[in-house]
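Residue-level listing of the chains:
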Amino acid sequence: PATPPVRNRPQLGGEPRDLASSAPTPTITPAAAKDDDAEPTFPNPVLSPGDAVPLPETPGAPQVPARSPPPSPRWEVAPPRPDRSPEQTRRGLWAIGPSRANSSPNIDRPQRMSMGASLGASRKALEEADATPNQASAPIEKKKKTRDDMRAEVLVEIFVTEADYVEDLETMINVFIFPLRAMKLVTDNVLYNIFSNAEVLIGTNQEFLRGLDAVFPEGKDSITADAAVGHVFTNMADYFKMYKVYCANQQASLNAVEEHKKKNAKFKHYLEVCHSDPRCKGLFLQSFLIKPIQRVCKYPLLLRELIKHTPEDHPDFEPLQGAMDKIKQVVDNINEGQRTFEGLQRIIELQNIIDGVPDLVAPGRRFDREGDIKYHKSPKSKGEMRHVFVLSDMLILTVKKGTDKYEHKMSVDLDNCKLIVMADNERTRALSRPFPRSPLFALALLSGRVAP
């Protein structure tokens, strides 16, 4: 069959032309032939860089050159630089983009700069990183505190904590003592059992704080290592002895609070109301009651730390040493008074839990200790278990009768007795069989007789 004619088609920028006159015509097998073995053929021109696309010649139409493929990136080794170390030069293999000399002028700027600009920016960033020290990896050097810095910090702590403590005392008096007394929720006797001489202590510490204010008139920000506070402690040391009464009453105070919370509903409700008072800062009454004891025991620690950071040639060194000695004596006296008071409280309790015992409360009598012993009336006796209470001048032998209840058996005046420690042999070990590691001793009556 005859080849069908190729129709003319409109061309951009010119009149329709017959394409058969300017370009090879593809040979097409018509579908009507139904030849399964035949395939259509098309021209396959080979174009070189710079060749024009074969289009029909149109008068006045410009020839569009074919786009050349972008040149492959060229990799170069950066030349050594005098400002770089050998290690940096060894690591300085930089990728450089396509050489501008080989770049085609027909490549538009975004395409031509895409790789070279990014690699150039990376190189510049790395160079700046090498020139700038790494702040993150550099160790943070802490400023070493001098001895004067440490001394100034201790002085600030003394001043600030003393002001806070005086504020706590004022809160205890204004929030608890004055309202309870005004509303008569408890008697004056109960009020003293709970708060002891707190209203006297606040005057002492207010005077102590005024002495510190005189040394630091502009507050804590004006405190320096040159300040001297030894004379302030020395002047107030004798007044701190008033803490002995308060500390001795500590346990009785806490017991009185718990007891009256159970018996007095109005008292308990008022304490709950006080707990929500912003001046209490969420603290209960028991927390305020313990603060005076904590504060007076803190003074020796603060002075010891201050002396530690005070040079021997400092004008405050000697006054601090004298203040330390006086404050330690006061604290030791307070501790001894507390032990004496606790012993007296225990003697009063013994009076109530020992049946048949004579009056135990006496001037100067102190409670020492208690425990179980095996009592032998004679070397041949089997021995009986006794619970003994040792007082400063008396032994009380009892028999336990249930929980916290005793029956009095014998009282021995220690002034008329002699304690004899027995030798360690088979016989004495047999007598002390219930207590194999305890010493065996005998009480020899020197004069008089054993109290009934």
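Calculation criteria
Residues numbered from 1 in each chain as written. Predicted model: local features only at pLDDT ≥ 70, side-chain atom pairs only at ≥ 80, totals over all residues. Heavy atoms only, no water. Salt bridge = Lys/Arg side-chain N within 4 Å of Asp/Glu carboxyl O. Helix = DSSP H or I, 4+ residues; strand = E, 2+ residues; numbered from the N terminus. Buried < 20%, exposed > 50% of the residue type's maximum accessible area, 1.4 Å probe, protein only. Contact = heavy atoms within 4.5 Å. Core = buried A, V, L, I, M, F, W, Y, C linked by side-chain atoms within 4.5 Å. Axes fitted to C-alpha atoms, helices over the stretch in contact; angles between N-to-C directions. Parallel < 35°, antiparallel > 145°, perpendicular 65-115°, else oblique. Left-handed = near helix turned anticlockwise from the far one by under 90°. Nonpolar A, V, L, I, M, F, W, Y, C, P; charged D, E, K, R; others polar. Pairing = 2+ DSSP bridges. Phe/Tyr/Trp six-rings, centres within 6.5 Å; stacked < 30°, edge-to-face > 60°. Lys NZ or Arg CZ within 6 Å of the ring centre and 35° of its normal. pLDDT = per-residue confidence, 0-100. Expected span 1.5 Å × (residues − 1). Arc of directions from axis to C-beta.

Chemist: Whenever I open this one, the pattern of salt bridges confuses me. Can you help?
Modeler: Oppositely charged side chains can form a pair if their charged atoms are brought close together. Scanning all chains against the criterion turns up 20 salt bridges. Of the charged contacts in the structure, one is a salt bridge between Asp393 and Arg365, with a shortest N-O distance of 3.0 Å. Linking Asp393 in the loop between strand 3 (384-391) and strand 4 (394-400) with Arg365 in the loop between strand 1 (354-355) and strand 2 (367-375), this pair joins segments that are 28 residues apart in sequence. On the basis of relative accessibility, which here comes to 24%, the residue Asp393 falls in the partly exposed class. Linking Glu384 and Arg386 is a salt bridge whose minimum nitrogen-to-oxygen distance equals 2.4 Å. Classification of Glu384 by relative accessible area gives partly exposed; the value is 37%. Through salt bridges with shared partners, a single network forms among Asp238, Lys241 and Lys326.

Chemist: I tried to follow the environment of Glu162 on my own but got confused; where do I start?
Modeler: Here Glu162 lies in helix 3 (residues 147-183). Spatially, the C-alpha atom of Glu162 lies 7.9 Å from that of Asn205, the residues being 43 residues apart in sequence. Among residues more than four places away in sequence, those in contact with Glu162 are Asn205, Phe208, Leu209, Leu212, Arg295 and Tyr299.

Chemist: Please explain the nonpolar core as it appears in this structure.
Modeler: Nonpolar side chains in soluble globular proteins tend to be buried together. Judged by nonpolar contacts, the single largest core of 62 residues is most densely connected at Phe176, Ile194 and Phe195. In contact with Phe176, other than residues within four places in its own chain, are Thr171, Phe195, Leu271, Cys274, Cys280, Leu285 and Phe288.

Chemist: Explain the packing of helix 3 against helix 5 (residues 198-215) here, please?
Modeler: Between two packed helices, the angle of one axis relative to the other and the distance separating the axes together describe the packing. Running from N to C, helix 3 and helix 5 cross one another at 150°; their axes reach a closest spacing of 10 Å. One finds that helix 3 runs roughly antiparallel with respect to helix 5. Here helix 3 runs over helix 5; the crossing is left-handed. Classifying every residue of the contact of helix 3 with helix 5 gives 16 nonpolar, two polar and five charged.

Chemist: Can you walk me through the sheet that holds strand 1 in this structure?
Modeler: Where strands meet in a sheet, backbone hydrogen bonds hold them as pairs that are either parallel or antiparallel. Spatially, 1-5-4-3-2 is the arrangement adopted by the five strands of the open sheet, whose pairing is mixed. Each having just a single partner strand, strand 1 and strand 2 make up the two edges of the open sheet. Relative to strand 4, strand 3 is paired through four bridges, and the arrangement is antiparallel. By the bridge assignment for strand 4, Val390 is matched with Leu395.

Chemist: Teacher, can you tell me more about the packing of aromatic side chains here?
Modeler: Aromatic rings in a pair are described by how distant their centres are and how their planes are angled relative to each other. Applying the stated criterion across every chain yields a total of nine aromatic pairs. Taking the centre distance of 5.6 Å and the plane angle of 80° together, the rings of Phe159 and Phe216 count as edge-to-face. Separated by 57 residues along the polypeptide, Phe159 in helix 3 and Phe216 in the loop between helix 5 and helix 6 (230-236) bring together distant segments of the chain. In terms of burial, Phe159 and Phe216 fall into one category: buried. Put simply, the rings of Phe208, Phe233, Phe240, Tyr243 and Tyr299 touch in pairs and so form one group of aromatic residues. Above the ring of Phe367, the side-chain terminus of Arg346 is found at 5.9 Å from the ring centroid.

Chemist: What is the right way to read unusual backbone geometry from this model?
Modeler: Leaving glycine aside, a negative phi is the common case for residues, and trans is the common case for peptide bonds. Its identity as a non-glycine residue notwithstanding, Lys184 has a phi of 55°, on the positive side. Here Lys184 shows up in the loop between helix 3 and helix 4 (188-195). Its relative accessible area of 71% is what places Lys184 among the exposed residues. Of note in this structure, Lys281 is not a glycine but carries a positive phi near 55°. With respect to the helices and strands, Lys281 occurs in the loop between helix 9 (265-275) and helix 10 (285-308).

Chemist: Whenever I open this one, the packing of helix 4 against helix 8 (residues 250-263) confuses me. Can you help?
Modeler: Following both chains from N to C, one finds helix 4 and helix 8 inclined at 130°, their axes separated by 7 Å at the closest point. It follows that helix 4 is oblique to helix 8 by the angle criterion. Contacts between helix 4 and helix 8 involve Val190, Asn193 and Ile194 from the former and Ala252, Ser253, Ala256, Val257 and His260 from the latter. Residue composition of the contact of helix 4 with helix 8, grouped by class: five nonpolar, three polar and no charged.

Chemist: What is the right way to read the pairing of strand 4 from this model?
Modeler: A regular strand places its side chains on the two faces of the sheet in alternate fashion. Burial runs high along strand 4: six of the seven residues are buried. With seven bridges connecting them, strand 4 and strand 5 (residues 406-413) associate as antiparallel partners. Bridged to Lys400 within strand 5 is Tyr406. Hairpin connection, strand 4 to strand 5: the antiparallel pair is bridged by five residues, and Gly402 has positive phi, about 95°.

Chemist: Would you take a moment to explain the confidence of the model for the protein for this structure?
Modeler: Note: predicted coordinates in regions of low pLDDT should not be interpreted at a detailed level. Looking at the protein as a whole, its pLDDT mean stands at 75, while 61% of the residues score no less than 70. Counting interchain partners and residues more than four positions distant, the pLDDT-below-50 stretch residues 18-23 has eight contacts. Low pLDDT, under 50, characterises residues 27-36; the stretch is placed with four contacts to residues that sit more than four places away or in other chains.

Chemist: Mind showing me how you'd approach helix 5 here?
Modeler: The α-helix advances 3.6 residues per turn, and as a result positions three or four apart in sequence lie on the same side. Between its first and last C-alpha, helix 5 extends 26 Å over 18 residues, near the 26 Å set by a 1.5 Å rise per residue. Looking at helix 5, one finds that the buried residues are Ala198, Leu201, Ile202, Thr204, Asn205, Phe208, Leu209 and Leu212. Within helix 5, the buried residues cover an arc of 160° as seen down the axis, which keeps them to one side. Against the buried residues of helix 5 lie helix 3, helix 4, helix 6, helix 7 (243-248) and helix 10.

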